Each structure stands twice: as structure tokens, then as C-alpha cells.
Amino acid sequence: MIQIAICDDDGAQLNKTGEIVKQAAACYDPEIDLFDSGKELLDAVKRSDYRPDIAVLDIVFPGESGIAVAEKLNELCPRCAVIFLTAFLDYAVDVYETKHSYFIVKTQLEGRVRQAIDRALEDRNNDPCLTFRERGIVRTIPLSEVLYLERNLKKTIVVCVSGEEYVTSAKPEKLLEELQNAPFVRCHQSYHVNLTMVRGMTRDSFQLKNGREVPVSRSQYKAAREAFFAAVSRPIAGSEL
């Protein structure tokens, strides 16, 4: 089963999209949830354990745009794949401000939504994970949910977007060594940061998208800076018009 959130302020279009998506995703046994505003969707994510696998978002809302909603979803629910739906091609460039899997013009919805759902789930399933043991329990955490790793008193703290923290005896280097092209860089003796979670950089810290800061030491500054600029210049994978 997969959970799909659909968000559109036009009630008739919302119901129509829900039926089309339900039929297109039938092989995945979908559970469809309808939201008539971005605020309603974000409130569900913030106030409960609601974590959809896919969000189908109209781009044009009164007030906050679907693109702004997607930006917040990227932070709050990183494993939720986003499919943009719109009647206006004018927004085709703007969607690249967020991590998303597909962009569909509403008149082409029936013909393209199955392909979009397949792509979204492929992107989601390709998300590599950190695997480690914590108090006898094997944890598997998608990299897209990890903000940074902190080494403290022979323990590594895995700090997540959700606010959850996990503690393991494994060193950060050991956790990351089996992951090819993991988007982490060592920026301090005690910290490895996930570059996909970084909004900006100063001489002594990384500013993360959720407002937190991770220190950057003088000895690691050059390598961290190079890795950061390489990451921000890399195109977003899985985007298609």
C-alpha cells in the first residue's frame, strides 16, 4: 500500500484528480487523502504521524503557492515524492526551486500520471539509507531524513529532520563508508553534515534549512566549502517537464 496526498483548492478538480490518481495507482493499492489547501496538508504532517509517500500538488493556491508548500514538505517529510500539477506552463521553471519528481499539465493528467507515480516511487526507493545498531536494535534511516552526524564521547548521534536523534557506537566514517556518493562532508572534528540539508555557509558554520547551525572548523573549512559549492551546482535528479 502507498499513501498519496492530493492538494488543490478547486473542489471539483480535487475530486477529479483523486479518482484519476486512484485508478492510475491501483496496482500499488493506494490510500488517497484529499486536501483543499496547502496549510491543511502541512498541518496534518506537523501535528500527526502523517507521512505520505507521494504528494500531488496544484501550483496555484490563494496565498501560499504549491511550490512553497513543496519546499516545506521537502523539509518536514523528505521521503515524500512531489508531483506538481498545474494548468499553467508559466511555472515550469519555478518548480526547480524544490525537489520534485514530475510536472504535469492538468489537461495531460490521465495520460501522464501513471508514469509520474512510477517515477516518484522510483526516486523514493532509490533513497539510500544509514544502517546501524542502537541498543541492540538495527535502525535503517533514509539519508534524506538525516541532518547531520555528531561524534561525542565515543558515540555518534544521528540527528534527523523530524527532531529524532539516535545514538550508536559506530563512527561516522564507518556509517558512511559503504554509501557511494553520500552527500555528507566532514566540516568539524565532531560533525559530518548532509549537504542536501544546507541552506547557506559562513566562515564558521553551515546554516541548515530548518534553521539549525552546524560548526565548520578552520582545518575543515576549505574542503567543506568546496563540497558545498559542488553540491549546490549539481542538477536535481529525477526532474522532468
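Sequence order sets the numbering: in each chain, residues are counted from 1 along the sequence as written. For a predicted model such as this one, the threshold for reporting local features is a pLDDT of at least 70, and the threshold for listing and counting side-chain atom pairs is 80 or more; totals across whole chains, interfaces and linings nevertheless cover every residue. For the side-chain quantities, the full set of heavy atoms in the structure was used; hydrogens and water were omitted.

## A closer look at the sheet that holds strand β14 (residues 205-208)
Here is step 1 of the chain: Paired strands, in this sense, are two strands between which DSSP finds at least two bridges. Strands are runs of DSSP state E lasting at least two residues, helices are runs of H or I lasting at least four, and both sets are numbered from the N terminus onward. Sheet architecture is open: three strands sit in the order β13-β14-β15, paired in antiparallel fashion. Both edges of this open sheet fall to β13 (198-201) and β15 (213-215), since each of them pairs with a single strand only. This sheet shows a mean twist of 25 degrees between the axes of neighbouring strands, independent of strand direction.
Here is step 2 of the chain: Along the sheet, helix α6 (residues 221-232) makes contact with β13 and β14, crossing β13 at roughly 130 degrees. Axis lines are fitted through C-alpha atoms, for helices just across the contact stretch, and the angle between N-to-C directions can take any value from 0 to 180 degrees. Any two residues whose heavy atoms approach within 4.5 Å at even a single point are treated as in contact.

## Comments concerning the pattern of salt bridges
Here is step 1 of the chain: The salt bridge criterion pairs a side-chain nitrogen of Lys or Arg with a carboxyl oxygen of Asp or Glu, the two atoms within 4 Å. For the structure on display, the rule yields eight salt bridges.
Here is step 2 of the chain: The residue lysine 106 makes a salt bridge to aspartate 58 at a minimum N-O spacing of 3.5 Å. In this pair, lysine 106 sits in the loop between β5 (102-105) and α4 (109-125) while aspartate 58 sits in strand β3 (residues 54-58), placing the two residues 48 residues apart along the sequence.
Here is step 3 of the chain: Relative accessibility under 20% of the residue-type maximum defines a buried residue, over 50% an exposed one, and the middle range a partly exposed one, all with a 1.4 Å probe and only protein chains included. A residue is classified by how much of its surface remains accessible, and lysine 106, at 22% relative accessible area, is partly exposed.
Here is step 4 of the chain: The class for aspartate 58 is buried, based on a relative accessible area of 5%.
Here is step 5 of the chain: A salt bridge links glutamate 177 to lysine 174, with the nearest nitrogen and oxygen atoms 2.9 Å apart.
Here is step 6 of the chain: If you follow the salt bridges from partner to partner, you end up with Asp8, Asp58 and Lys106 in one network.

## Structural notes on the packing of helix α1 (residues 11-24) against α4
Here is step 1 of the chain: Between α1 and α4, the shortest axis-to-axis distance is 9 Å and the interhelical angle comes to 50 degrees. Between α1 and α4, the crossing angle belongs to the class labelled oblique. In the packing of α1 onto α4, the handedness of the crossing is right-handed. Here α1 contributes Thr17, Ile20, Val21 and Ala24 to the contact with α4, which in turn contributes Leu109, Glu110, Val113, Arg114 and Ile117.
Here is step 2 of the chain: The residue makeup of the contact of α1 with α4, split by class, is six nonpolar, one polar and two charged. What sets the label is the angle itself: under 35 degrees gives roughly parallel, over 145 gives roughly antiparallel, 65 to 115 gives roughly perpendicular, and the rest give oblique. Crossing chirality is assigned from the near helix's rotation relative to the far helix, an anticlockwise turn below a right angle marking it left-handed and a clockwise turn marking it right-handed. Just so you know the grouping, Ala, Val, Leu, Ile, Met, Phe, Trp, Tyr, Cys and Pro go in nonpolar, Asp, Glu, Lys and Arg go in charged, and all remaining residues, Gly too, go in polar.

Read these as geometric descriptors, not functional statements.
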